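Report on the structure
Each chain, letter by letter, is given below.
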Amino acid sequence: MFVITRTMSEATYFILAALLDGPLHGYGIIKRAGEQSDGRVRPAVGTLYGALDRMAAGGLIAVDREEVVDGRPRRYFRVTDDGVAAVTKEAARMAAAASLVRLRPVHP
């Protein structure tokens, strides 16, 4: 099982979040991550595939299928159970950290 030993990067978080609704190819991941992050996360293609390779090696995602579109191969990725657990754990960590600030009275 994958264990997070440090804070997950924002890009990794939104890439995994993008895949929670089902498999996507690279451009679909870039588009959904951008939408979900209000435009903060829009990895370049080379950066995205490096991140996808690292996440696949870590067991967070897997290749779902490959197809050829207009003569070019297109790989679709899906989040694994370990990936769902990791992104869920990170969401809970961020929510707990945010609540420390949001629930604290403000003293000017």
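Relevant structure appears above.
The structure presented is a predicted model; accordingly, all values stated were derived computationally and were not measured.

This paragraph deals with the packing of helix α1 (residues 10–19) against helix α2 (residues 26–36). Where α1 contacts α2, the axes come no closer than 9 Å and their chain directions differ by 110°. The angle between α1 and α2 falls in the class roughly perpendicular. Only Ile29, Arg32, Ala33 and Gln36 of α2 make contact with α1, whose side of the interface consists of Phe14, Ile15, Ala17, Ala18 and Leu19.

Core analysis: the largest hydrophobic core is formed by 22 residues, its most contacted members being Ile15, Leu16, Leu19, Ile29, Leu52, Met55 and Ile61. Of all the secondary structure elements, the ones that give two or more residues to this core are α1, α2, α3 (45–57), β3 (72–79) and α4 (81–102). By residue number, the principal contributor to this core is α1, which donates six residues. Excluding its chain neighbours within four sequence positions, the residues that come into contact with Ile29 are Ile15, Ala18, Leu19, Leu24, Leu48, Leu52 and Phe77.

Along an α-helix, residues three or four apart share an orientation, since each turn contains 3.6 residues. Looking at α2, one finds that the buried residues are Gly26, Gly28, Ile29, Ile30, Ala33 and Gly34. In this structure, the buried residues of α2 make contact with α1, β1 (24–25), α3 and β3.

What follows is about the pattern of salt bridges. The final tally for this structure, using the stated rule, is four salt bridges. The salt bridge partner of Glu10 is Arg40, with a shortest N-O separation of 2.8 Å. Here Arg40 lies in the loop between α2 and α3 and Glu10 lies in helix α1, a separation of 30 residues in the sequence. Where Arg65 meets Asp64, a salt bridge forms, and the shortest distance between an N and an O atom there is 3.0 Å. By relative accessible area, Arg65 is classed as partly exposed at 37%.

Examined against the element boundaries, Val84 turns out to sit in helix α4. Here Val84 falls in the partly exposed class, since its relative accessible area comes to 32%. In sequence terms Val84 and Ile61 are 23 residues apart; their C-alpha atoms lie 9.1 Å from each other. Excluding residues within four positions of it along the chain, Val84 makes contact with Leu20 and Val79.

A few words on the pairing of strand β2 (residues 61–69). Judged from the eight bridges that link them, β2 and β3 form a sheet pairing that is antiparallel. In the strand pairing of β3, Glu66 is matched with Arg75. The antiparallel hairpin formed by β2 and β3 contains two residues in its connecting segment, where Asp70 sits at a positive phi of about 55°.

Attention now goes to α3. Spanning 13 residues, α3 covers 18 Å between terminal C-alpha atoms, matching the ideal 18 Å at 1.5 Å per step. When we look at burial in α3, the residues that qualify are Leu48, Ala51, Leu52 and Met55. The buried residues of α3 occupy an angular sector of 100° when the element is viewed end-on, so they sit on one face. In this structure, α3 carries Gly46, Arg54 and Ala57 as exposed residues pointing more than 90 degrees from its buried face. In this structure, the buried side of α3 is in contact with α1, α2, β2 and β3. Downstream of α3 by a residue or two, Gly59 has a phi angle that is positive, lying close to 80°.

Calculation rules
The written sequence of each chain sets the order in which its residues are numbered from 1. Local features in this predicted model are restricted to residues of pLDDT 70 or higher, and side-chain atom pairs are both shown and tallied only at a pLDDT of 80 or more, whereas totals for entire chains, interfaces and linings draw on every residue. Only hydrogens and water are removed before side-chain values are computed, so all heavy atoms of the structure are retained for them. The axes used here are C-alpha line fits, helices contributing only the stretch in contact, and every angle between their N-to-C directions lies in the interval 0 to 180 degrees. Only DSSP runs of H or I reaching four residues or more are called helices, and only runs of E reaching two or more are called strands; each is numbered from the N terminus. Throughout, the term roughly parallel applies to angles under 35 degrees, roughly antiparallel to angles over 145, roughly perpendicular to angles from 65 to 115, and oblique to all others. Contacts are residue-level and defined by heavy atoms, with any inter-residue pair within 4.5 Å sufficient. In this description, a nonpolar core means a group of buried Ala, Val, Leu, Ile, Met, Phe, Trp, Tyr and Cys residues linked to one another through side-chain atoms lying within 4.5 Å. Burial classes: relative accessible area under 20% of the type maximum marks a residue as buried, over 50% as exposed, and values in between as partly exposed (1.4 Å probe, protein chains only). In what follows, salt bridge is the name for a side-chain nitrogen of Lys or Arg lying within 4 Å of a carboxyl oxygen of Asp or Glu. Two strands pair under a simple rule: DSSP has to find at least two bridges between them. Working rule for helices: expected span equals 1.5 Å times residues minus one. Taking the helix axis as origin, the arc is that swept by the directions to the C-beta atoms.

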